Amino acid sequence: MYHRFDENKYPSTNIRMDIFTKHIKLIGELGYEFIHPDEFQKNFNVPKKKKKILLTIDDAFKSFYDVAWPYLKKNKIPFILFVSTEPVGNNGYMTWDQIKEIEKADFTTIGHHSHSHEYLIEKSNEDFIYDIKTASSIFETKLGYVPKLFSYPFGEYSEFMRNYISKNFTYAFGQHSGVIDINKEKFQLPRFPINENYGKIKRFTSIIKTYPLQYKKLIPVKKRLDKENNPPTFSVEFFDKQKNIKNINCYSNEGDRWEKSNITFSKNILSIEFRESFLPRRGRINCSLNDNGKWRWFGTQFIILKN
């Protein structure tokens, strides 16, 4: 997942174009192919023999159109552009004409990214629905259809939001890190966010080489925490006879400090005993294991609002 290009005053959402082109070339050098969003949707439930790369761009910043789009167009690299409808045409954002230009290419897909791109998890359920419906109406007017792929603003969603999105879209993406596999929940799909700090070649190489760490169930389903359930009771149920699962290590950032998590196993269920509560705004857990030389990874995210 990328956002801005060559907008160096926004390091948390920016990538330099010279680094981005190195990312793209490295993917090819390592023998991986990009997957077209249409193929991704059509064959989601088909077991994969070879990993592919799904490229996503959030927010439709003008720097994407000016800097990255010419390169992607020349090389016909498929991607999803997630658009929030309210900022379109504003300073620093793409126009509808530019979005339509990209939409016409046969290797691109436009995705739904809400209307306002605000912290929708802080809004009432009614306001959330109104925001999504507003964007859908604008997409229908401007593009002639409503995109069926959704990206949660800031990767944040409540159980209500996830349930609503699942009834109106085909797939939805968060911002928790991980590799998509056939068992991942279609409306809580992970992505690796890439920016100046997390886009260095050494880390990017390790990301591209990472395989999915599959699991059967993750508890809790609810991703919004308050004083009543923070820290949460957290567990992951893995599949029977899943290999090397006891090699897993997890790290979490409760108390705003990344440290190795205190994990325990009961048969094929991993539990984490958190040191203390997570602090606003995001709590994260990342788990990985060395599976006979293949590094497998999954991550999850909680949203913690100020009381």
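Data block above holds the structure.
Residues numbered from 1 in each chain as written. Predicted model: local features only at pLDDT ≥ 70, side-chain atom pairs only at ≥ 80, totals over all residues. Heavy atoms only, no water.

Colleague: Can you lay out unusual backbone geometry for me, pointing to particular residues and giving the numbers?
Modeller: Between Ile219 and Pro220 the backbone carries a cis peptide bond, its omega angle lying at 10 degrees. The topology assignment puts Pro220 in the loop between strand E11 (217-219) and strand E12 (224-225). Cis rather than trans, the peptide bond between Pro280 and Arg281 has omega equal to 20 degrees. Relative to the helices and strands, Arg281 resides in the loop between strand E17 (269-273) and strand E18 (282-291). (Helix = DSSP H or I, 4+ residues; strand = E, 2+ residues; numbered from the N terminus.)

Colleague: Before we move on, can you summarise helix H7 (residues 201-209) with the specific residues and values?
Modeller: The set of residues buried in H7 consists of Phe204, Thr205, Ile207 and Ile208. Buried residues in H7, looked at end-on, bunch into an arc of 160 degrees, giving them a common side. The elements touched by buried residues of H7 are helix H1 (17-29) and strand E4 (52-53). (Buried < 20%, exposed > 50% of the residue type's maximum accessible area, 1.4 Å probe, protein only. Arc of directions from axis to C-beta. Contact = heavy atoms within 4.5 Å.)

Colleague: An account of the sheet that holds E17 is needed here, citing residue identities and associated values.
Modeller: Strand order in the open sheet formed by four strands is E11-E13-E17-E16, and the pairing between neighbours is antiparallel. Only two strands of the sheet have a single partner each, and these edge strands are E11 and strand E16 (262-266). Between one strand and the next, the sheet's axes are offset by a mean angle of 15 degrees, whatever the strand orientation. (Pairing = 2+ DSSP bridges. Axes fitted to C-alpha atoms, helices over the stretch in contact; angles between N-to-C directions.)

Colleague: Account for the state of the cysteines, naming residues and giving values.
Modeller: All told, the structure shown has one disulfide when counted by the stated rule. Covalently, Cys250 is tied to Cys287 through a disulfide, its sulfur atoms 2.1 Å apart. As the torsion about the S-S bond is roughly 110 degrees, the Cys250-Cys287 disulfide counts as right-handed. In this pair, Cys250 is assigned in strand E14 (residues 249-252) and Cys287 in strand E18, connecting sequence segments 37 residues apart. Overall, the relative accessible area of 1% leaves Cys250 in the buried class. (Disulfide = S-S within 2.5 Å.)

Colleague: Would you mind going over the side chain of Ser63 in detail, with residue names and values included?
Modeller: Assignment of secondary structure puts Ser63 in helix H3 (residues 62-75). Non-local contacts of Ser63, meaning those with residues more than four positions away in its chain, are made with Arg4, Phe5, Glu7 and Ala68.

Colleague: Quick one: what's the story with the packing of H1 against H3, residue by residue and with numbers?
Modeller: Interaxial distance between H1 and H3 falls to 11 Å at its minimum, and their mutual angle equals 25 degrees. Looking at the two axes, H1 sits roughly parallel to H3. As for the relative orientation of H1 and H3, their crossing is right-handed in sense. Judged by residue contacts, Met17, Phe20, Thr21, Ile24 and Lys25 of H1 engage Val67, Ala68, Tyr71 and Leu72 from H3. Within the contact of H1 with H3, the residues separate by chemical class into seven nonpolar, one polar and one charged. (Parallel < 35°, antiparallel > 145°, perpendicular 65-115°, else oblique. Left-handed = near helix turned anticlockwise from the far one by under 90°. Nonpolar A, V, L, I, M, F, W, Y, C, P; charged D, E, K, R; others polar.)

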